[in-house]
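# Commentary on secondary and tertiary structure
Residue strings, one per chain:
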Amino acid sequence: MRASHQDNGISTEPKTWTRRIAAPLIAAATALAAAGLTAAPANADAHGVEPIPAFTIDAGKEGTGLSFSVPVPSGYLAHSVVGGGNKISKEFAAYSIATGAGGLRGQICNWRIDFEYKAKGKKYKTIKGKTNSSCDLMGSSVVVSPGKVKYGEACAVLYVEGKRRGAQCHHITK
């Protein structure tokens, strides 16, 4: 399995990326490993992080004059796959809002993370995550165990207010 990054238009300049994003996420992955959420070292595990650009959501009630747009700051979708070959024993994903100017952070509301599987460019399976109506600084999915999958891609997909906002995928290869 190897990580594949989808272009979301955010710079991943090495120094900033390593210091602000990769280091905390690597620490989180290490903590997951210490907690026993990884398999034996001989397996082909994959871990990746995808930047998700800022976006706006519509709030309020249309036609009443009480409708407005709410900005949601950029963030990062981390996705881990544990297994070997085309068998995934565990899969986990988490979304974290990036720290803004002055250390301020926004929140993400009405979100979910789905796990999607594709073979030959076609989606054949989805494990739909629970929609979280709460507002959080960080959203994380449950650990899923899809078992045997087709060779292709395993993706964690972030949805906010029912709209797809980004994905992080790993290639499942022979």
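All figures in this text were calculated on a predicted structure; none of them were measured in a lab.

About the thresholds
- Residues numbered from 1 in each chain as written.
- Predicted model: local features only at pLDDT ≥ 70, side-chain atom pairs only at ≥ 80, totals over all residues.
- Heavy atoms only, no water.
- Helix = DSSP H or I, 4+ residues; strand = E, 2+ residues; numbered from the N terminus.
- Contact = heavy atoms within 4.5 Å.
- Areas by Shrake-Rupley, 256 points an atom, 1.4 Å probe, with all protein chains shown as cover.
- Disulfide = S-S within 2.5 Å.
- Phe/Tyr/Trp six-rings, centres within 6.5 Å; stacked < 30°, edge-to-face > 60°.
- Lys NZ or Arg CZ within 6 Å of the ring centre and 35° of its normal.
- Salt bridge = Lys/Arg side-chain N within 4 Å of Asp/Glu carboxyl O.
- Buried < 20%, exposed > 50% of the residue type's maximum accessible area, 1.4 Å probe, protein only.
- Pairing = 2+ DSSP bridges.

### Describing the overall build of the protein chain
- Along its length, the protein chain carries 1 helix and 13 strands.
- Starting at the N terminus and walking to the C terminus, you meet the elements of the protein chain as β-α-β-β-β-β-β-β-β-β-β-β-β-β.
- For the protein chain, restricting intrachain contacts to residue pairs at least 6 apart in sequence, the fraction spanning at least 24 positions comes to 63%.
- When the accessible surface of the protein chain is totalled, it reaches about 9,500 Å², and 56% of it is carbon and sulfur.

### Here we look at the state of the cysteines
- All told, the structure shown has 2 disulfides when counted by the stated rule.
- Disulfide pairing places Cys109 opposite Cys135 at an S-S distance of 1.9 Å. The sign of the 115° torsion about the S-S bond sets the Cys109-Cys135 disulfide as right-handed. With Cys109 in strand β7 (residues 108-119) and Cys135 in strand β9 (residues 132-136), this residue pair connects regions lying 26 residues apart in the sequence.

### A look at the packing of aromatic side chains
- This structure, assessed with the given rule, holds 0 aromatic pairs.
- Here the basic side chain of Lys150 rests over the ring of Tyr124, its NZ or CZ set 4.6 Å away from the ring centre.

### Focus on the pattern of salt bridges
- One pass over the structure, following the stated rule, counts 3 salt bridges.
- The closest approach of N and O atoms between Arg112 and Asp114, which form a salt bridge, is 2.9 Å.
- Between Glu116 and Lys123 there is a salt bridge; the shortest N-O distance is 3.7 Å.
- Of the residues examined, Glu116 reaches a relative accessible area of 2% and is grouped as buried.
- Taken together, the shared-partner salt bridges in this structure form one network comprising Glu116, Lys123 and Arg164.

### Observations concerning the pairing of strand β12 (residues 152-160)
- Taken across its 9 residues, β12 has 9 buried, putting it largely inside the fold.
- Sheet analysis places β7 next to β12, joined by 8 bridges and oriented antiparallel. Each residue of the ladder has a partner; that of Arg112, found in β12, is Tyr159.
- In terms of strand pairing, β12 meets strand β13 (residues 163-172) through 9 bridges, oriented antiparallel. Bridge assignment links Gly152 to a residue of β13, and that residue is Ile172.
- Here β12 hands over to β13 after 2 residues, with Glu161 in that stretch at a positive phi of 55°.

### Some points on the environment of Val70
- Tracing the sequence through the fold places Val70 in strand β4 (residues 68-72).
- With relative accessibility at 28%, the residue Val70 sits in the partly exposed group.
- Put simply, Val70 and Ile57 are 13 residues apart on the chain and 5.3 Å apart in space, counted from C-alpha to C-alpha.

### Focus on the pairing of β7
- Counting buried residues in β7 gives 11 out of 12 residues, a clear majority hidden from the surface.
- Both β7 and β9 contribute to a ladder of 3 bridges, which runs antiparallel. By the bridge assignment for β9, Ile108 is matched with Asp136.
- Bridge analysis of β7 against strand β8 (residues 122-127) gives 5 bridges, and the strand direction is antiparallel. Residue Phe115 lies in a different strand from β8, and its bridge partner there is Ile127.
- What sits between the antiparallel neighbours β7 and β8 is a turn of 2 residues, in which Lys120 has the positive phi angle 55°.

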